[in-house]
Structures are given as C-alpha cells and as structure tokens.
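Below are the chains, spelled out letter by letter.
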Amino acid sequence: MDAAREALSKLGITGAPTAIHMGGKSHTGRGAMLSVRSPIDGGELAALAQASAADVELAAAAAGQAFLAWRAVPAPWRGELVRRIGERLRAEKETLAELVCLEAGKIRQEALGEVQEMIDICDFAVGLSRQLYGLTIASERPAHRLMEQWHPLGPVGVITAFNFPVAVWAWNAMLALVCGDPLIWKPSEKTPLCAIACHHIAQQAIAEIPEAPAGLLSLLVGGAEVGQALAAHRGVPLVSATGSVPMGRAVAQTVAARLGRSLLELGGNNAAIVAPSADLDLAVRGIVFGAVGTCGQRCTTLRRLIVHRSIYDTLLTKLEAVYRELPIGDPRDMHTLVGPLIDEAAALAMDAALAQAREQGGIVRQGERVTKDVPVGGYYVRPALVEIAAAASVLQQETFAPILYLLRYETLEQAIALQNDVPQGLASAIFTNDVREAELFCSPQGSDCGIANVNIGTSGAEIGGAFGGEKETGGGRESGSDAWKAYMRRATNTINYSAELPLAQGIEFDV
Ligand code: UN1
C-alpha cells in the first residue's frame, strides 16, 4: 500500500525498510522473507528479509559497549535525550498514528491515543530522570551511614506485541534510557513498520546528543528465535516481554535458567462487575469501549461482565442495542468505532471460541463476520455478547477478539469470587455508586488483579500508574509509578566514618 510508504517517507525513511538496525546503521536481514500485510484489506505494506538469532549476538555486543558510556552520563542529561524524542513524537503524532492504523488496524482515535501514550511516557521519564531516588536508612552503628543507590542495569531486551506496536516499546525504552540502559527491541512480526518508524525517530534525537553512543538502541525484526536468543543472552540482564502466556512462559523459563530478570505483561481475562446502584448509562459507555475497542485485541479488553441479577435484563437490552449499531469497518474512516481483527487466524479463533461457548450452553448474540461496507480482504466482525453459565470452561481462556461473556450474580462476594476465578489477573472494574462496594472491591478481599477500577472500564489505563497484573499475567509492572526500579540495580552502601569498627548485630570479633 502506498500509504505506508508515504507515511514512512514523511518521517524521512526512504528506500525499502530493513530488519536490522544497530549501531546507528540499518542492514538487510539474512533470514526468511516477511510479508507485512495490512489488516485493513490484507494488502502487502512491505516485504523484508528478517533478522536471525545470530544478529542478537551483534546487537548485544553493541549494546554492551554502549552501556559502558551511557551509564556514566548524568541521568538528567539522559532525560534530555528522552525529552527530544518526545518533542519529535509530538511533531510526528499524526504520521505515526497513520502507520499504527495501517499496520495494526486501529481506528484513528485509538491510534492517536497510542502515540499520545508514548508522548506521555516521555514526559514522565524526563521528570523521572531527576528523581531516581534511593533511601537513606538509619544505621544501627554509631558514625555509620546506610543508604541505597540505584545504578543502571545494562542492556534491556524488549519483546512487544502487535496490538500496541508503539506505546509498549516507549514505556520500556523511555524508562530504560533515563535509567542508563541500552535497548534491543524485537517487535511483533505483524507490525515491523511501526517499529522501524519509532526507531528512526529516536535515532534522530540520538544523533543530536554527542554523549549518546551509537549502540544505544537496536531493533531486530525477526521471529520467535530472535526473542529466544534475547532471552538466553547473558549480556541482557533484563528481558521485558509483552504478549501471550505461552510466549511469556518460554521467555521466563529461558531467562530464569541464567538467573536473569524478566518483566512480563501477558494475557488478561478482564472482568467488570455491575452492581445494582451503578449508573447504567455510564457503565454502558465504559463496557462498550472496554469490550470492543481495538476490536477486542487489548490485553486490557473487557471479556467478562458480571451483572447483578436485578439489572441484568435491562443492561443486556441496552448493550444489545448499542452493539447492533456499532459502526464497523475501515479504521481510516472517522466514523468507524470497530476496525478489523489483525488477521484470519484471529477471526478463526473468535469463531472457535463462539462455537465452544455454544457447546457449553452459551447463548451467542451477534458476533458474525461482517462483509458488507467493509474493505475486501480484511477480517471484520460484529462484536459478540454471550450469555453463559459461570462454570463454562471457555470463560477461563483469553480469546483475542471482541467477545463479551455475561454472568449473573446475587451477592458482591460471589461476584468478586467469579471475577478472580480465572488464571489471569490483569485488569478489573466495578460499576457502583455504593462506597462500601467500591472499597471492598479495591481491598485485599477484593479484585486480585494488578488493575482494579471503579466506574471506569478495564482498558485505557493512564501511563502514570504501574501497569501489569498477577497470576498468569506474569507479575511485571511497566510504565509509571516506581516501575523504573526494574530497569536499575540497587546498591546498598554502608559507610563508616568513625575510627572504630563496630559489627552489626553487636557481634564481638576481636583479632
Ligand atoms: C496492552 O494491551 O498490551 O490500558 C496495553 C490500556 C492501554 C495499554 C494496553 N493503555 O488499555
């Protein structure tokens, strides 16, 4: 599609896109050819020869070299690099959003929102570059000072998914950069052009900062073996991976085998509880954005709705009416709210989950393939509402498609138990105007997820909070709050400024 080439050339990327970017240079890969297709109509956006596992070795060497220089640059000056990247992202917001739309199929509003998320994390990281605080701790010994410092960790491997092709890299990259760490990025094979565009924008800012070494940022477009090689590499102390549970498990096991550090942000199976006191019109808006936004392909997508039996029928009727009118189609069209699924495999997975739900006694409403008034060659679906019993096993799995299962509940304790009764633990929400219910939901006896919201859907988190979840979601936290600590190493320093050598714990050891 010419639009992708045009967007790339607006960013200053001319010529055929290549798979390997390291040391400030770009090279063609020697791996298998990758045909990059738009989910909008299946049209080929680009074709490129992929990087292979051997390229990880070179990127890790370059990153290792870069680390020696970058760790010595004062953190606020590292922040200056991120500030400049943020400025460039502001200037290129529209163009980058267009690429996200073409390559990931996001509607314009969501694509712009994703780029805004990058800009926001840049701002956050710039401020953070002056706030990498350690504690001073009261020492038990006279004339001793006990304190901690946070030091750069080393090269960070980042594996990202197709559904947030630019923001998740930015969450990792901007924190890593201010923390003093180089980065090696393996993006999804489905969205390499977004990655090439981000890398290019960041490289332009790097070129303006003489202290920024050439090997600071690397990008390798390649398959699972590239991710595995990153996970296995001893020169990469932290591997941050976003994607499916099986992918995360493979990465985590490989990283653990060398006792490295992994930061995982894996599947979600997110639920919202709708209590009798809820403002139903507000709830409907939150539910629909959460369930059908990004065509059900966010890790925070709302997948289960647990509704009090007294309002169940009313809410279902309202949702059905909204679902029937959802504008589905070309994500470039300003009126579209639901764009395409990423590919045929996603559509087949949706069909399979709906078939399973029917077999398990579910009543499936809508959820059909849409072929009218949509671009030919893409996979468009009407989001589905599925009434189902709480015991149905299909509820335990995350299907990356817009399927919302509806369950009834009697007591809030029962609703919370249902909400928690899945292997994943990313995002959750309650719609209620009852402060006791809201607080119970957010309490230790409430939601077991990393994200628990009140009167907001499950998706669309701000960058200021730590983002991630428990159980099979992997336990990692990215983005805001103190997530930066994962990208640094903590050194505890005890400094004796006396002429004595008192031992801790009062131990006597006279020599
Ligand atoms: C993801 O789907 O991997 O909270 C990230 C949200 C977005 C990030 C989602 N800010 O929905």
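Just so it is clear, the model here is predicted, and its values are computed rather than measured. (Residues numbered from 1 in each chain as written. Predicted model: local features only at pLDDT ≥ 70, side-chain atom pairs only at ≥ 80, totals over all residues.)

Novice: How would you explain the environment of Thr242 if you had to name every residue and give the values?
Specialist: Locating Thr242 in the fold gives a position in strand S10 (residues 238-242). Residue Thr242 is classed as buried on the basis of its C-beta count, with 27 C-beta atoms lying within 10 Å. Not counting residues up to four positions away in its chain, the partners in contact with Thr242 are Ile159, Thr160, Ala161, Val168 and Glu265. (Helix = DSSP H or I, 4+ residues; strand = E, 2+ residues; numbered from the N terminus. Buried ≥ 20, exposed ≤ 12 C-beta atoms within 10 Å, placed from the backbone. Contact = placed C-beta atoms within 7 Å.)

Novice: An account of the packing of helix H8 (residues 224-232) against helix H9 (residues 245-257) is needed here, citing residue identities and associated values.
Specialist: One way to put it is that H8 packs onto H9 with a least axis distance of 8 Å and a crossing angle of 30°. It follows that H8 is roughly parallel to H9 by the angle criterion. Crossing angle aside, the handedness with which H8 passes H9 is right-handed. Here Gly227, Gln228, Ala231 and Ala232 of H8 lie close against H9, whose contacting residues are Ala250, Val251, Thr254 and Val255. Among the residues making up the contact of H8 with H9, the classes are represented as five nonpolar, three polar and no charged. (Axes fitted to C-alpha atoms, helices over the stretch in contact; angles between N-to-C directions. Parallel < 35°, antiparallel > 145°, perpendicular 65-115°, else oblique. Left-handed = near helix turned anticlockwise from the far one by under 90°. Nonpolar A, V, L, I, M, F, W, Y, C, P; charged D, E, K, R; others polar.)

Novice: Summarise the sheet that holds strand S9 (residues 217-220); cite the residues concerned and give the values.
Specialist: Taken together, seven strands build an open sheet; the order of strands is S2-S1-S9-S8-S7-S10-S11 and the sheet is mixed. This sheet does not close on itself; its edge strands, each paired only once, are strand S2 (25-27) and strand S11 (261-265). The mean inter-strand angle of the sheet, taken between neighbouring strand axes irrespective of direction, is 15°. Here S10 runs beside S11; their pairing, made up of five bridges, is parallel. (Pairing = 2+ DSSP bridges.)

Novice: I'd love a proper account of the site of the ligand, names of residues and values included.
Specialist: Every residue close to the ligand is listed here: Glu117, Asn163, Phe164, Val168, Thr242, Arg298, Cys299, Thr300, Ser459, Gly460 and Ala461. Among the residues making up the shell around the ligand, the classes are represented as four nonpolar, five polar and two charged. (Near = placed C-beta within 6 Å.)

Novice: Residues and numbers for unusual backbone geometry, please.
Specialist: Its identity as a non-glycine residue notwithstanding, Thr294 has a phi of 50°, on the positive side. With respect to the element layout, Thr294 can be found in the loop between helix H10 (280-292) and strand S13 (302-308). The phi dihedral of Ser479 is positive, around 75°, even though this residue is not glycine. Along the polypeptide, Ser479 turns up in strand S24 (residues 478-479).

Novice: Kindly report on the sheet that holds strand S20 (residues 427-431), identifying the contributing residues and their values.
Specialist: Across the sheet, which stays open at both edges, the seven strands sit in the order S14-S17-S18-S13-S12-S20-S21 with mixed pairing between neighbours. Only two strands of the sheet have a single partner each, and these edge strands are strand S14 (363-366) and strand S21 (451-454). With strand direction ignored, the average angle separating the axes of adjacent strands in the sheet is 20°. Where strand S12 (residues 270-274) and S20 come together, four bridges link them in parallel fashion. Its bridge partner being in S20, Ala271 is matched across the sheet by Ser428. In the packing of helix H13 (residues 412-420) onto the sheet, the strands contacted are S12, S13, strand S18 (403-409) and S20, and the crossing angle to S18 comes to about 150°.

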